[in-house]
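Structural features, examined
One letter stands for each residue in the lines below.
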Amino acid sequence: MIDFREDHITYRNFTAEELAEERGYYAQLITEVKRAMSGIGASKYALGLELKRLYESDVYCTDPGWVSPCKSDDGTISCYLCSYVFFRECEKNFDLDKSQVSRYMNIVDEFGDGENGLKQEWSAYSWSQLVELLPLTPEERKEITPEMTIKAIRAYKEKLVATSQQEKSSGKADEKAVATSQQKDYWIKSVNFPANSGMQYLRFIGCSVKYVCDQVLQAEAKIAELKQKLADLEALSAPKSDESGEINYQ
């Protein structure tokens, strides 16, 4: 796959004569791309090949819109050189967007043998099948045959995505389990729990000191409340005496 580094900008330096010469070559390459697009028996592979040749030539930056108006001390002129410039030039000259251009070029890059066309192992595949194969790894592509429909290929890709997501989810669960285990080990060592303490102490693993203190304070408040209720109940149930001072047990 071609690595389009949009955030990586470099420059090409030309003298005025060199710039004029490169612009002539650029016009020639543009003509070749347009011929591949509209000629009799035009082939998508041929178009991808011409676009790839244009990209690798680095002359697309000589369009006047990308040339620095300032000359350097040595008299040369700088031109912006990056994939952003390339895709903008393709859109302007060929009315092709970035996804179309990259698809044409990457099929040539991944499955082609230069001027000889598709490599032998991919010659039986349709263009649409190759487009679907682009994002797959070489190992994943082994499961795809020329007889498979686009629908079947997409179903296979969806299955790969689902499996990948499941593996990621399982991996996160494993990471969480490891982190919890490490946390328990840390608490057992740092808090110095009694040996074989079981859940009596281990249920507090992971709790902050503030949390434990808050729980103790709440428990103490609850105990005081219960003690008060118990005292009230005892006062209500205590035997009452009559005015003579004798205790009435009835």
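Below is a short write-up of the structure. (Residues numbered from 1 in each chain as written. Predicted model: local features only at pLDDT ≥ 70, side-chain atom pairs only at ≥ 80, totals over all residues. Heavy atoms only, no water.)

As for helix α4 (residues 98-111)
Given a rise of 1.5 Å per residue, 14 residues ought to cover 20 Å, and the 20 Å separating the end C-alpha atoms of α4 matches this to within 8%. Taken together, the buried positions of α4 are V101, S102, Y104, M105, N106, I107, V108, E110 and F111. Among the structural elements, α2 (44-57), α3 (83-94), α5 (127-133) and α6 (138-141) are those in contact with the buried residues of α4. (Helix = DSSP H or I, 4+ residues; strand = E, 2+ residues; numbered from the N terminus. Expected span 1.5 Å × (residues − 1). Buried < 20%, exposed > 50% of the residue type's maximum accessible area, 1.4 Å probe, protein only. Contact = heavy atoms within 4.5 Å.)

Regarding the nonpolar core
In this structure, L51, Y60, F86, F94, V101, M105 and L133 are the most contacted members of the largest nonpolar core, which totals 46 residues. Mapped by element, the contributors of at least two residues to this core are α1 (16-38), α2, β3 (77-81), α3, α4, α5 and α7 (150-190). Those residues in contact with F94 that sit more than four places away from it in its chain are I30, V33, K34, M37, L51, L54 and E89. (Core = buried A, V, L, I, M, F, W, Y, C linked by side-chain atoms within 4.5 Å.)

Quick word on the packing of α2 against α3
Packing of α2 against α3 brings their axes to within 11 Å, and their N-to-C directions diverge by 135°. By the criterion of interaxial angle, the relationship of α2 to α3 is oblique. Handedness of the crossing formed by α2 with α3: right-handed. When α2 is examined against α3, the residues L51, L54 and Y55 are found in contact with a partner set consisting of S83, F86, C90 and F94. (Axes fitted to C-alpha atoms, helices over the stretch in contact; angles between N-to-C directions. Parallel < 35°, antiparallel > 145°, perpendicular 65-115°, else oblique. Left-handed = near helix turned anticlockwise from the far one by under 90°.)

Some thoughts on the sheet that holds strand β2 (residues 67-71)
The three strands lie next to each other as β1-β3-β2, forming an open sheet whose pairing is antiparallel. Lying at the two open borders of the sheet, with one neighbouring strand each, are β1 (10-14) and β2. In this sheet, adjacent strand axes meet at a mean angle of 30° when their direction is disregarded. Bridge count between β1 and β3: five bridges; the pairing is antiparallel. Following the sheet pairing, Y11 is matched in β3 by Y80. (Pairing = 2+ DSSP bridges.)

Structural notes on the packing of aromatic side chains
Counted by the stated rule, this structure contains eleven aromatic pairs. When the ring of Y60 is compared with that of F86, the centres are 5.3 Å apart and the planes differ by 65°; the resulting orientation is edge-to-face. Residue Y60 is found in the loop between α2 and β2, and its partner F86 is found in helix α3; the two are separated by 26 residues along the sequence. Given the relative accessible area of 3%, Y60 is considered buried. Summarising the aromatic geometry, the rings of F111 and W122 are spaced 4.8 Å apart at their centres and angled 65° between planes, so their arrangement reads as edge-to-face. A residue pair is termed long-range when its members are at least 10 positions apart, and F111 in helix α4 and W122 in the loop between α4 and α5 qualify at eleven residues. You can call F111 buried: its relative accessible area is 0%. Here W122 falls in the buried class, since its relative accessible area comes to 13%. By the ring-pair criterion, three or more aromatic residues cluster together here, those being F4, Y55, Y60, F86 and F87. (Phe/Tyr/Trp six-rings, centres within 6.5 Å; stacked < 30°, edge-to-face > 60°.)

Focus: unusual backbone geometry
Positive phi is not limited to glycine here, since D58 has a value of about 65°. Along the chain, the position of D58 falls in the loop between α2 and β2. Of note in this structure, D95 is not a glycine but carries a positive phi near 60°. Considering the arrangement of structural elements, one finds D95 in the loop between α3 and α4. On the basis of relative accessible area, D95 is assigned to the exposed category, the value being 68%.

With respect to the pattern of salt bridges
In this structure the tally under the stated criterion is 13 salt bridges. Residue K52 pairs with E56 through a salt bridge whose shortest N-O separation is 2.8 Å. Here K52 pairs with E56, and both are found in helix α2, just four residues apart, close to one helical turn. Through salt bridges with shared partners, one network takes in E50, R53 and E115. (Salt bridge = Lys/Arg side-chain N within 4 Å of Asp/Glu carboxyl O.)

Regarding the pairing of β3
In terms of burial, β3 is largely enclosed, as four of its five residues are buried. Across two bridges, β2 lies against β3 in antiparallel orientation. Note that in β3 the partner of K71 across the bridge is I77. Between β2 and β3, which pair antiparallel one after the other, the connecting turn spans five residues, and G75 there sits at a positive phi close to 90°.

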